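Working through the structure, step by step
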Amino acid sequence: MIDIHTHVLPMIDDGPTTVQESLEMCRIAGNDGIKKIIATPHIQNGINDEYESNVLKKISMMNQLLKQEGVDIELFPGAEVYLNERLLNEEILKQSKLLTLNGGKKYLLLEFSFQWIPPETEKVIFELKTMGLTPILPHLERNITIQSNPGMLVRFVEMGAILQVTAQSIAGDFGTASRKCALWMLKKNLVHIIASDAHSPSRRPPLLSRAVRIVSDLLGKEVAGKMVSEHPKMILEGTPFIM
Ligand SMILES: [Fe+2]
C-alpha cells in the first residue's frame with residue numbers, strides 16, 4: 001500500500017517531535033503493509049528555498065535511517081497546502097519542488113478549514129485543472145458543512161477533483177458524523193483514495209488496513225485495494241489519474 005497523506009517527518013509541523021517518534025511511525029506503517037509514504041507537512045504561509053532544502057534533507061536522513069534499521073518503507077516529499085490565493089499562483093506552483101506531491105507537478109493536496117467550504121473552491125479547482133494540476137481534497141468527511149450537505153462533493157468530483165478520505169474516519173475514530181459522511185461518500189463512489197493523515201505513533205498512527213477491511217466488506221476487495229494501491233501509485237508517479 002501507498003500512503004499519500006502523512007505528517008511523518010520529525011520537527012517540521014504538528015507531526016512527530018523526535019526522530020525516534022518518526023521512525024516508530026514508519027515501523028507501524030511497515031507492519032500494516034504500507035511500503036511507500038508521501039510526507040505532506042502543512043504549508044500555510046508560503047514556501048522558500050530554505051524550507052524546501054530542510055524537507056528534502058529530512059526525507060533523505062529518514063530514508064537512510066530506515067535502511068539502517070531494516071524498515072521496508074520509502075519516504076517521498078510533498079505538502080498539504082492550506083487554500084490560500086497567494087500560493088495558488090502558476091509560477092509558484094510550477095517552480096516549487098515540494099508543493100505538488102512527490103514534486104511531480106501534477107497533484108496538489110489542498111486542505112481547507114474543517115468548518116466551512118470556501119466560496120472560491122470551484123474557481124480554484126477550475127484554475128488548477130487549467131494549469132494541468134489536479135487538486136486532491138483531503139478529509140472532507142470531517143468538514144461540518146459537508147457533513148450536513150454532502151451532495152456538494154458531486155460537483156467537485158465532476159470538475160475533476162480527487163477526494164481522499166481519512167482511514168480513521170471510516171473506522172469511526174473521529175466520531176459518528178465523520179464516519180457517517182465517509183460511508184455515504186463510499187457508497188456514492190465519491191472516494192478515490194484512503195490515506196492515514198497520520199500525525200503520531202499512538203493517537204493518529206499511519207494505519208490503512210483496518211479501513212481497507214471495512215471498505216472491502218462494503219464495496220468489495222478490488223475497489224478497496226484501488227484506494228490504497230493503484231490510485232496512490234498514479235499520484236506518486238505523477239501519471240494521469242485513471243479510475
Ligand atoms: Fe494532514
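Residues numbered from 1 in each chain as written. Predicted model: local features only at pLDDT ≥ 70, side-chain atom pairs only at ≥ 80, totals over all residues. Heavy atoms only, no water.

Right, let's get into the environment of L101. Within the secondary structure, L101 is located in the loop between α3 (90–95) and β6 (107–111). Take L101: its relative accessible area is 1%, and that puts it in the buried class. Along the sequence, L101 and P77 sit 24 residues apart, while their C-alpha atoms lie 6.7 Å from each other. In this view, L101 contacts I4, I38, T40, P77, G78, A79, Y107, L109, I136 and I235; residues no more than four positions away in its chain are not counted. (Helix = DSSP H or I, 4+ residues; strand = E, 2+ residues; numbered from the N terminus. Buried < 20%, exposed > 50% of the residue type's maximum accessible area, 1.4 Å probe, protein only. Contact = heavy atoms within 4.5 Å.)

Within the first shell, the iron ion binds the protein through H5 (NE2), H7 (NE2), E80 (OE) and D197 (OD), at distances of 2.0 to 2.2 Å. Coordination at the iron ion is irregular: its four donor atoms span angles of 83 to 170 degrees at the metal. Linear spacing of the donor residues for the iron ion on their chain is H-x1-H-x72-E-x116-D. You can see H5 sitting in strand β1 (residues 2–6) and its partner D197 sitting in the loop between β9 (193–195) and α9 (209–219), a full 192 residues away along the chain. Comparing H5 with D197, the two get one shared label, buried. (Donors = N, O, S within 2.8 Å, 3.2 Å for Na, K, Ca; no water. Tetrahedral: all angles 85-135°; square planar, octahedral: opposite > 155°, others 65-115°.)

Further remarks concern the side chain of K58. Mapped onto the fold, K58 is located in helix α2 (residues 49–68). No salt bridge is formed by the buried K58; the nearest opposite charge belongs to D13, separated by 9.3 Å. If we skip the residues at most four places from it in the chain, K58 touches L9, P10, M11 and I12. (Lys, Arg positive; Asp, Glu negative; His and termini not counted. Salt bridge = Lys/Arg side-chain N within 4 Å of Asp/Glu carboxyl O.)

With three bridges connecting them, β1 and strand β2 (residues 36–39) associate as parallel partners. Looking at β2, one finds that T6 is bridged to A39. Taken together, β1, helix α1 (residues 19–31) and β2 constitute a β-α-β crossover, and its handedness is right-handed. Sheet topology places β2 next to strand β4 (residues 74–77); four bridges connect them, and they run parallel. Looking at β4, one finds that I37 is bridged to L75. (Pairing = 2+ DSSP bridges. Right-handed = clockwise from strand over helix to strand, strands pointing away.)

As a further point, take the sheet that holds β2. The three strands lie next to each other as β1-β2-β4, forming an open sheet whose pairing is parallel. The open sheet is flanked by β1 and β4, the only strands paired with a single partner. Direction aside, the axes of adjacent strands within the sheet are offset by 25 degrees on average. (Axes fitted to C-alpha atoms, helices over the stretch in contact; angles between N-to-C directions.)

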